[in-house]
Amino acid sequence: MVRAGWPRDILPSPCPIGCPAMARPPAPGSVIAPDWHESAEGKEYLACILRKNRRRVFGLLERPVLPPAVAIDTASYKIFVSGKSGVGKTALVAKLAGLEVPVVHHETIGIQTTVVFWPAKLQVSDRVVMFRFEFWDCGESALKKFDHMLPACKEKTDAFLFLFSFTDRASFEDLPGQLTRLAGEAPGVVRMVIGSKFDQYMHTDVPERDITAFRQAWELPLLRVKSVPGRRLADGRTLDGRAGLADVAHVLNSLAEQLWHQDQVAAGLLPNPPEDTPS
Amino acid sequence: MGEEGTEGTVHLLCLAASSGVPLFCRSSRGGAPARQQVGPWRSGSPKLEGLPFSVIGSLNGVHMFGQNLEVQLSSARTEDTTVVWKSFHDSITLIVLSSEAGTSELRLERLLQMVFGAMVLLVGLEELTNISNIERLKKELRASYGLIDSLLGDSELIGDLTQCVDCVVPPEGSLLQEALSGFAEAAGTNFASLVVSGRVVVATESWWRLGTPEAVLLPWLVGSLPPQAARDYPVYLPHGSPTVPHRLLTLTLLPGLELCLVCGPRPPLSQLDPQLLERWWQPMLDPLRACLPLGPRALPAGFPLHTDILGLLLLHLELKRCLFTVEPSGDKDPSPEQRRCVLRSFYTLVTAVHFPPEPGQQEDKAEDAAQQPQVPKACYLVSGTEEPGTGWRLVALQSGPRRLLLLLSAQSPVHGLRGLATRTLHALTPLL
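As annotated in an unreviewed UniProt entry, chain B carries the name Protein fuzzy homolog isoform X1 and comes from Phyllostomus discolor. In its Sequence similarities (unreviewed entry) section, the UniProt record describing chain B reads: "Belongs to the fuzzy family." Per UniProt, chain B carries the Subcellular location (unreviewed entry) text "Cytoplasm, Cytoskeleton".

As annotated in an unreviewed UniProt entry, chain A carries the name Ciliogenesis and planar polarity effector 2 and comes from Phyllostomus discolor. Of the comments in the UniProt record for chain A, the one headed Sequence similarities (unreviewed entry) reads "Belongs to the small GTPase superfamily. Rab family." In its Subunit (unreviewed entry) section, the UniProt entry covering chain A states "Interacts with FUZ. Associates with the CPLANE (ciliogenesis and planar polarity effectors) complex via its interaction with FUZ."

If you had to explain the overall build of chain A to someone new, which residues and values would you point to?
Along the backbone of chain A there are 8 helices and 8 strands. Contacts in chain A between residues far apart in sequence, at least 24 positions, make up 78% of those at least 6 positions apart. With an accessible surface of roughly 12,300 Å², chain A has 56% of that area assigned to carbon and sulfur atoms.

Which residues make up the confidence of the model for chain B, and what values go with them?
Residue and element names in this part refer to chain B. In the predicted model, chain B carries a mean pLDDT of 88, and the fraction of residues at 70 or more is 89%. Taken element by element, the predicted model of chain B shows its lowest mean pLDDT in helix H14 (residues 363-371) (48) and its highest in strand S7 (residues 191-196) (98). Note on residues 1-6: pLDDT under 50 across the span, and 15 contacts to partners over four residues away in sequence or across chains. Within the model, the stretch residues 362-367 combines pLDDT values under 50 with 2 contacts to residues more than four positions away or in other chains. Among the scores for the predicted complex, ipTM is 0.87 and pTM is 0.89.

Run through the pattern of salt bridges, naming residues and quoting values.
Side-chain pairs of opposite charge can arise whenever the charged atoms involved come near each other. Under the definition given, this model contains 25 salt bridges over all chains. Here Glu208(A) and Arg224(A) are joined by a salt bridge, their closest N and O atoms 3.0 Å apart. Here Glu208(A), found in helix H7 (residues 208-218), pairs with Arg224(A), found in strand S8 (residues 222-224); they are 16 residues apart in sequence, far enough to count as distant. In this structure, the salt-bridge partner of Arg26(B) is Asp149(B), at a minimum N-O distance of 2.6 Å. One end of the pair, Arg26(B), is in strand S2 (residues 22-27); the other, Asp149(B), is in helix H5 (residues 145-152), with 123 residues separating them in the sequence. Across the pair, Asp149(B) and Arg26(B) agree in class, each one buried.

Which residues make up the packing of aromatic side chains, and what values go with them?
All names here are of chain A. As enumerated under the stated definition, the model contains 17 aromatic pairs over all chains in all. Each ring, one from Trp36 and one from Tyr45, has its centre 5.4 Å from the other, and the planes form 50°; the classification is tilted. In this pair, the class of Trp36 matches that of Tyr45, namely buried. Between Phe58 and Phe117, the ring centres sit 5.1 Å apart and the planes meet at 75°, which makes this aromatic pair edge-to-face. Here Phe58 is found in the loop between strand S2 (54-55) and strand S3 (74-82), whereas its partner Phe117 is found in strand S4 (residues 111-121), with 59 residues between them in sequence. Look at Phe58 and you get buried, because its relative accessible area is 13%. Look at Phe117 and you get buried, because its relative accessible area is 4%. By the ring-pair criterion, three or more aromatic residues cluster together here, those being Phe164, Phe166, Phe172, Phe198, Phe214 and Trp218.

How would you explain the interface of chain A and chain B if you had to name every residue and give the values?
On the chain B side, the residues contacting the 37 residues of chain A number 44 residues. Between chain A and chain B, a total of about 3,400 Å² is buried, with carbon and sulfur atoms accounting for 60% of that surface. By the criterion of area lost to chain B, the three top residues of chain A are Leu60(A), Leu61(A) and Ile109(A), representing 24% of everything that side buries. The tally of links between chain A and chain B comes to 4 salt bridges. In this structure, Lys145(A) engages Glu140(B) in a salt bridge whose closest nitrogen and oxygen atoms are separated by 3.0 Å. Taken together, chain A and chain B are joined by 15 residue pairs in polar contact (both at pLDDT 80 or more).

Criteria and cut-off values
Residues numbered from 1 in each chain as written. Chains lettered and ligands numbered in written order. Predicted model: local features only at pLDDT ≥ 70, side-chain atom pairs only at ≥ 80, totals over all residues. Heavy atoms only, no water. UniProt positions renumbered as here; feature names shortened; annotations may be inferred. Helix = DSSP H or I, 4+ residues; strand = E, 2+ residues; numbered from the N terminus. Contact = heavy atoms within 4.5 Å. Areas by Shrake-Rupley, 256 points an atom, 1.4 Å probe, with all protein chains shown as cover. pLDDT = per-residue confidence, 0-100. Salt bridge = Lys/Arg side-chain N within 4 Å of Asp/Glu carboxyl O. Buried < 20%, exposed > 50% of the residue type's maximum accessible area, 1.4 Å probe, protein only. Phe/Tyr/Trp six-rings, centres within 6.5 Å; stacked < 30°, edge-to-face > 60°. Buried area = accessible area lost by both parts, 1.4 Å probe. Polar contact = N/O pair within 3.5 Å; in protein donor to acceptor, adjacent residues only side chain to side chain.

Put into structure tokens, the structure is as follows:
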């Protein structure tokens, strides 16, 4: 759902070709041009979320500025990141935002939100849209201790991002429960699964066959992210913004794709799906 | 005195007073004493690698032994380490060991008060005084590690020691003050402040009435956290509301500049959306931007300070606010870290030894001091070296509720220190 008013109220343009049903996510790359961010044009747009090769951090009063000639619309979405305690929710969000991933794990005290801007190109219209993702991340014990936290996170959320770790079997086995608990009551909301620490395959607790079985059972997009720290700039300290973006572009593009697609379905711009989720 | 700094470590132990079970152990070296290299996301029960268990046992044992004989063991010194014990509500014992050069009991006692305050802030007093399930408490306390680590480590702030709120003076304070009050009313709370890198820029009257330690801890917490667009944290106010949680809402208007609210169940975080923020704060964009460099500088650009001044700490002991900066003449020696360290030590010295106790510290003593005919009004010290004319100068001045501490370059003539300090205090008086 594109929320009204900030910074401009826009609706997705009609999609001329037939798209898959609501329950099924769009085929990867069918909505958003997957490697556009690596093209010369894409790189130009990316410049507005970078500063001196670092990722720019935006305050709530700020937004990326493009030259007036290429001004584009912004689509804002709320994404709730869910997953077992210690699985790396805060670390994932920091990675997506191009921020330093904390070395020591500190339990998240309550709810925290992070805004990530991501320009992406729509396949159909060749139009570039600025996606504004607001990630909501909440510490597990706060969720359990305070009743108002979970409703606040779920309220008007556009997507659930379920996180598990390849090095923590329990976090993977926890997924079906979470999926039913959280997303069951919100059928029109995008659901996506991310497996973190994929690069630590030596320690993997979740073999490929389990992933395949999970995919078949749930028909949800499942992405993998690495946990290696991002590349640094020449000074050896600051994170290289462009390299960091390249590491997470597949996640941001996939989110953009699911959300844009879902918007079109919700706005009735796509042929209505005959059935909801196959149970 | 001039050489202390990064040497030495601070270890903090927290135990359940009745059973002696360790609840956690933190250290100034990289936070967790157990640098949990394996599975950093799965910090289970606190490991106490920093100190052997036998040492922890003995430290707690000797304190308990004293207590059984109705002797309060408060501190001890070895050749290189100072140890301070403190029990809270007969339920939690905190022990701090510091091998940092020039450390003092005053600094460590206040550190423990802040650490306990931090524990209450994030866990609640009830959980800490009625320990029904020790494993659950250990788990809950993990939420306070980040804040506690920041209290043990080097900070640019000094509120942990002075127990006064670190503040900065914005160039257009009244404009911001007005916008803040309006916004707070619109958001439905009386408690609002603007915080830049952990220092309060402006705050509503109610926010200023927050007691110690929360008045210090809330901005400190905000300043110690990695950047987030917004937060909604449950907090217990150790002084004002230790058992009923409130909500701390923070909204990052500009990177490093956060709008903080303390409120009850309302408003929901989602209500404080970008539209509302833009309506109130977009017109203030320039004054807000002007606050960003104030973090380490504390004073508005162009504020006239004598060129000999290398560091400054101004305290208002009644308002419980302070201005602390080591930025003046930043290009000269010593380094900012060293300057902070020297001023911290000097503050500890004049507070523990020379000046009358601060109001609210130990009331009975304060009354005694008022009756004493001789109360020091100023004191100075030459630091760093014994060669005449080469050490940094330190001067402290007490005038009414204000106390000014200056760090001055070695060139500053000793006979002019008092005059310089008096003039500086006079110039700063309208600001705090």
